[in-house]
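# Per-entry structural report
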Amino acid sequence: QVQLVESGGGVVQPGGSLTLSCAASGFTFNSYAMHWVRQAPGKGLEWVALISYDGSNKYYADSVKGRFTISRDNSKNTLYLQMNSLRSEDTTMYYCAKARGTQYYYSVDVWGQGTTVTVSS
Amino acid sequence: DIVMTQSPDSLAVSLGERATINCKSSQSVSHSSNNKNYLGWYQQKPGQPPKLLIYWASTRESGVPDRFSGSGSGTDFTLTISSLQAEDVAVYYCQQYYNTPITFGQGTRLEIK
């Protein structure tokens with residue numbers, strides 16, 4: 001079945017770096033755009049970044065622009081989020097999510113279970 | 001940025017009754033070229049990731065019960081649950097994917113009265 005499995009979360013010091021991964025299975029990974037969406041405990045959903053099906057287009061929320069980099073390896077069916085200069089406000093659950101189409105202008109139809117990032121000294 | 005505002009923030013409805021959640025966007029999310037509304041609705045139960053219910057404002061995702069329906073156009077949208085079931089207790093979010101940054105509403109918590 002269609003599945004997204006995130007990994008790479010953990011505890012990191014302020015100013016540190018972390019890379020999240022998302023392993024996709026059960027669908028043709030290189031045909032769909034992919035998102036990262038985050039959610040603090042008890043809070044709403046915040047979109048973080050999107051990459052088009054072929055990696056040619058990338059979009060970021062202002063809150064992470066210049067610090068986070070989204071990428072994908074279609075040969076490995078894997079999505080990544082490189083996070084640098086981490087701040088306490090980046091502490092939250094990060095979800096990997098699949099778009100229904102190739103670019104940003106499609107809804108999200110599959111979500112992973114999420115991985116937690118904690119930024120703390 | 002397109003701001004999505006949901007109302008109410010929370011809602012309590014009796015089992016079997018209708019539940020209505022509204023979502024308003026700060027600018028139109030309807031594309032004139034195809035008349036599609038770039039609006040989705042998601043359901044999130046405690047401890048779970050969100051689940052897609054409705055896309056293109058009114059198209060029900062496969063497997064979603066037909067008591068869930070979406071309507072609206074332009075800037076005003078509605079999610080309706082025609083007959084509330086116990087398993088519908090959740091937080092519901094609207095989302096616009098008309099433009100980046102993609103934005104979500106603040107969420108509406110639905111409970112049983």
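Up top is the structure.
The structure reproduced in this document is the subject of the present report.

Parameters at a glance
Residues numbered from 1 in each chain as written. Chains lettered and ligands numbered in written order. Predicted model: local features only at pLDDT ≥ 70, side-chain atom pairs only at ≥ 80, totals over all residues. Heavy atoms only, no water. Helix = DSSP H or I, 4+ residues; strand = E, 2+ residues; numbered from the N terminus. Rg over C-alpha atoms; globule rule 2.2 N^0.38 Å. Buried < 20%, exposed > 50% of the residue type's maximum accessible area, 1.4 Å probe, protein only. Contact = heavy atoms within 4.5 Å. Areas by Shrake-Rupley, 256 points an atom, 1.4 Å probe, with all protein chains shown as cover. Lys, Arg positive; Asp, Glu negative; His and termini not counted. Charge placed at Lys NZ, Arg CZ, Asp CG, Glu CD. Phe/Tyr/Trp six-rings, centres within 6.5 Å; stacked < 30°, edge-to-face > 60°. Lys NZ or Arg CZ within 6 Å of the ring centre and 35° of its normal. Disulfide = S-S within 2.5 Å. Core = buried A, V, L, I, M, F, W, Y, C linked by side-chain atoms within 4.5 Å.

Along chain A, the regular secondary structure elements total zero helices and 11 strands. Relative to the globule expectation of 14 Å for 121 residues, the C-alpha radius of gyration of chain A, 13 Å, shows essentially globular dimensions. The principal-axis extents of the C-alpha atoms in chain A amount to approximately 40 × 25 × 25 Å. Expressed as a percentage of its 121 residues, the buried residues of chain A come to 45%. Residue pairs in contact within chain A that sit at least 24 positions apart in sequence constitute 54% of those at least 6 positions apart. Working note: accessible area of chain A is about 5200 Å², and carbon and sulfur atoms make up 44% of it. Charge separation in chain A, taken as the distance between the mean sites of 10 positive and 8 negative side-chain charges, equals 1 Å.

What follows deals with the packing of aromatic side chains. For the coordinates displayed, the defined rule picks out 14 aromatic pairs over all chains. Following the ring pairs from residue to residue traces out a cluster consisting of A:Tyr59, A:Tyr104, A:Tyr105, A:Tyr106, B:Tyr38, B:Trp56, B:Tyr97 and B:Tyr98. A cation over an aromatic ring shows up here: A:Arg72 above the ring of A:Phe29, its NZ or CZ 4.3 Å from the ring centre. Here the basic side chain of A:Lys98 rests over the ring of A:Tyr32, its NZ or CZ set 3.8 Å away from the ring centre.

Turning next to the state of the cysteines. Applying the stated criterion across every chain, the model contains two disulfides over all chains. The disulfide bridge from A:Cys22 ends at A:Cys96, spanning 2.0 Å between sulfur atoms. Of note, the bridge from A:Cys22 to A:Cys96 carries an S-S torsion of about -65° and is left-handed in sense. In this pair, A:Cys22 sits in strand S3 (residues 18–25) while A:Cys96 sits in strand S9 (residues 92–99), placing the two residues 74 residues apart along the sequence. Here A:Cys22 falls in the buried class, since its relative accessible area comes to 0%. Classification of A:Cys96 by relative accessible area gives buried; the value is 0%. A sulfur-sulfur distance of 2.1 Å marks the disulfide that ties B:Cys23 to B:Cys94. Here the S-S torsion is close to 75°, and the disulfide linking B:Cys23 with B:Cys94 is therefore right-handed. Of this pair, B:Cys23 sits in strand S3 (residues 19–25) while B:Cys94 is found in strand S11 (residues 90–96), placing the two residues 71 residues apart along the sequence. Judged by relative accessible area, B:Cys23 falls into the buried class, the value being 2%.

Let us look at the nonpolar core. Within soluble globular proteins, side chains that are nonpolar tend to cluster in buried spots. Judged by nonpolar contacts, the single largest core of 48 residues is most densely connected at A:Trp36, A:Leu79, A:Leu81, A:Met83, A:Tyr94 and A:Trp111. Among the elements that make up this core, the one with the highest residue count is strand S5 (residues 45–51) of chain A (six residues). Beyond its immediate chain neighbours, meaning those up to four positions away, A:Met83 contacts A:Gly16, A:Ser17, A:Leu18, A:Leu20, A:Arg67, A:Phe68, A:Tyr94 and A:Val117. The next biggest cluster of nonpolar side chains, apart from the first, holds 23 residues, and it includes B:Met4, B:Ala19, B:Ala57 and B:Ala90.

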